[in-house]
Amino acid sequence: MRWDIINHYIRDRNFSHYLEIGIGQGVNWNRIECSTKVGVDPSEKAKEIVPDIEQMTSDHFFLANNDKFDIIFIDGLHHADQLLRDVRNSLRILNQNGVIICHDLLPDIEETQLVPRQSKRWTGDCWKAWAYLRSTDPNLKMFIYDIDHGVGVIERGQQNLIDCSNLDWDWFVKNRGQLNIRSYDPNVLQMCDFGT
Ligand SMILES: C[S@@+](CC[C@H](N)C(=O)[O-])C[C@H]1O[C@@H](n2cnc3c(N)ncnc32)[C@H](O)[C@@H]1O
């Protein structure tokens, strides 16, 4: 699950500063083992469940924050434009060999990714932000683990860009392989082998 991947990076790279955008009920948060954890969520419910979070939107947090982080988990508002902004803001405060993890990148059916939300289980259209970055930013390394509705990993580096002109559901069905999808084996986490 997402926390296994996050905890693996924390252990493997000796990370000490963790930021989570979007806490929800703390399901992931409570499983993360890191010496410094900062959580951000605007909802009162999240604040009740995890009292020591920053109760604000990610946009407000990034405006006010001066800290740097080793690993940032983005799981807030699942709209493509918001995810894109969260990734760009995260890159500004990411330590040199740091990692950004994004959740919900692989919707299984069209309805799951519709914005505004129309289904109980909802990934939103985060995949569009991912595809956009795969097609426009050569200075990142990106892949998605095919578990838990898609857990994406971003680092600074180099990648070959893909072509995506019309990001609709048809494009996703035909081209999802171009998003760099990997199967997940908890015993063989390929931390360094990104491919392109
Ligand atoms: C899917 S839940 C997070 C689940 C949690 N990360 C986990 O894995 O257990 C999404 C959360 O994002 C929060 N959220 C919505 N808009 C946000 C925003 N603009 N900035 C930060 N968090 C936001 C919601 O309040 C909700 O609690």
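Our subject in this report is the structure included herewith. (Residues numbered from 1 in each chain as written. Predicted model: local features only at pLDDT ≥ 70, side-chain atom pairs only at ≥ 80, totals over all residues. Heavy atoms only, no water.)

### Examining helix 4 (residues 80-92)
For step 1, the next point in the chain: Taking 1.5 Å per residue, 13 residues should reach 18 Å; helix 4 reaches 19 Å between its end C-alpha atoms and fits that length.
For step 2, the next point in the chain: Among the residues making up helix 4, those that are buried are Ala80, Gln82, Leu83, Leu84, Asp86, Val87, Asn89 and Ser90.
For step 3, the next point in the chain: Of the surrounding secondary structure, the elements contacted by the buried residues of helix 4 are strand 1 (17-21), helix 3 (58-64), strand 3 (69-74), strand 4 (94-103), helix 5 (126-136) and strand 6 (151-156). (Helix = DSSP H or I, 4+ residues; strand = E, 2+ residues; numbered from the N terminus. Expected span 1.5 Å × (residues − 1). Buried < 20%, exposed > 50% of the residue type's maximum accessible area, 1.4 Å probe, protein only. Contact = heavy atoms within 4.5 Å.)

### Brief notes about the pattern of salt bridges
For step 1, the next point in the chain: Under the criterion given, the structure shown has five salt bridges.
For step 2, the next point in the chain: For Asp59, the salt bridge goes to Arg85, with nearest N and O atoms at 3.0 Å. Residue Asp59 is found in helix 3, and its partner Arg85 is found in helix 4; the two are separated by 26 residues along the sequence.
For step 3, the next point in the chain: Asp59 gets classed as partly exposed once you look at its relative accessible area, which sits at 26%.
For step 4, the next point in the chain: Here Arg85 falls in the partly exposed class, since its relative accessible area comes to 35%.
For step 5, the next point in the chain: Note that Asp104 is salt-bridged to Arg121, the shortest N-O span being 2.3 Å. Taken together, the positions of Asp104 in the loop between strand 4 and helix 5 and Arg121 in the loop between strand 4 and helix 5 put the pair 17 residues apart, joining distant regions of the chain.
For step 6, the next point in the chain: According to the relative accessible area criterion, Asp104 is buried, its value standing at 3%. (Salt bridge = Lys/Arg side-chain N within 4 Å of Asp/Glu carboxyl O.)

### Quick look at the environment of Leu133
For step 1, the next point in the chain: Its location among the elements puts Leu133 in helix 5.
For step 2, the next point in the chain: A residue is classified by how much of its surface remains accessible, and Leu133, at 4% relative accessible area, is buried.
For step 3, the next point in the chain: Sequence separation between Leu133 and Val87 is 46 residues; the distance between their C-alpha atoms is 9.5 Å.

### Things to note about the site of the ligand
For step 1, the next point in the chain: The immediate surroundings of the ligand are formed by 17 residues, with Arg2, Gly22, Asp41, Ser58 and Asp75 found nearest.
For step 2, the next point in the chain: In the complex, 78% of the free accessible area of the ligand, which totals 600 Å², lies under the protein chains.
For step 3, the next point in the chain: Its residues placed into classes, the shell around the ligand shows six nonpolar, seven polar and four charged. (Near = heavy atom within 4 Å. Areas by Shrake-Rupley, 256 points an atom, 1.4 Å probe, with all protein chains shown as cover. Nonpolar A, V, L, I, M, F, W, Y, C, P; charged D, E, K, R; others polar.)

### Brief notes about the packing of aromatic side chains
For step 1, the next point in the chain: Inspection of the entire model under this criterion finds seven aromatic pairs.
For step 2, the next point in the chain: Their ring planes at 50° and their centres at 4.9 Å tell us that Trp127 and Phe172 sit as a pair that is tilted. Here Trp127, found in helix 5, pairs with Phe172, found in helix 6 (residues 169-175); they are 45 residues apart in sequence, far enough to count as distant.
For step 3, the next point in the chain: The class for Trp127 is buried, based on a relative accessible area of 0%.
For step 4, the next point in the chain: Look at Trp169 and Phe172: their rings are 5.0 Å apart centre to centre, the planes differ by 25°, and that puts the pair in the stacked class. Of this pair, Trp169 and Phe172 both sit in helix 6, three residues apart, which is roughly one turn of that helix. Comparing Trp169 with Phe172, the two get one shared label, buried.
For step 5, the next point in the chain: Site record: aromatic cluster; members linked through ring pairs are Trp127, Trp169, Trp171 and Phe172.
For step 6, the next point in the chain: Sitting above the plane of the Trp3 ring, Arg31 keeps its charged end 4.3 Å from the centroid. (Phe/Tyr/Trp six-rings, centres within 6.5 Å; stacked < 30°, edge-to-face > 60°. Lys NZ or Arg CZ within 6 Å of the ring centre and 35° of its normal.)

### Structural notes on the side chain of Asp86
For step 1, the next point in the chain: Secondary-structure assignment places Asp86 in helix 4.
For step 2, the next point in the chain: Notably, Asp86 is buried but unbridged: the nearest opposite-charge side chain belongs to Arg85, and the N-O separation is 5.9 Å.
For step 3, the next point in the chain: Those residues in contact with Asp86 that sit more than four places away from it in its chain are Ile21, Ser58, Asp59, Phe62 and Ile74. (Lys, Arg positive; Asp, Glu negative; His and termini not counted.)

As far as function goes, none of this settles anything; it's purely spatial.
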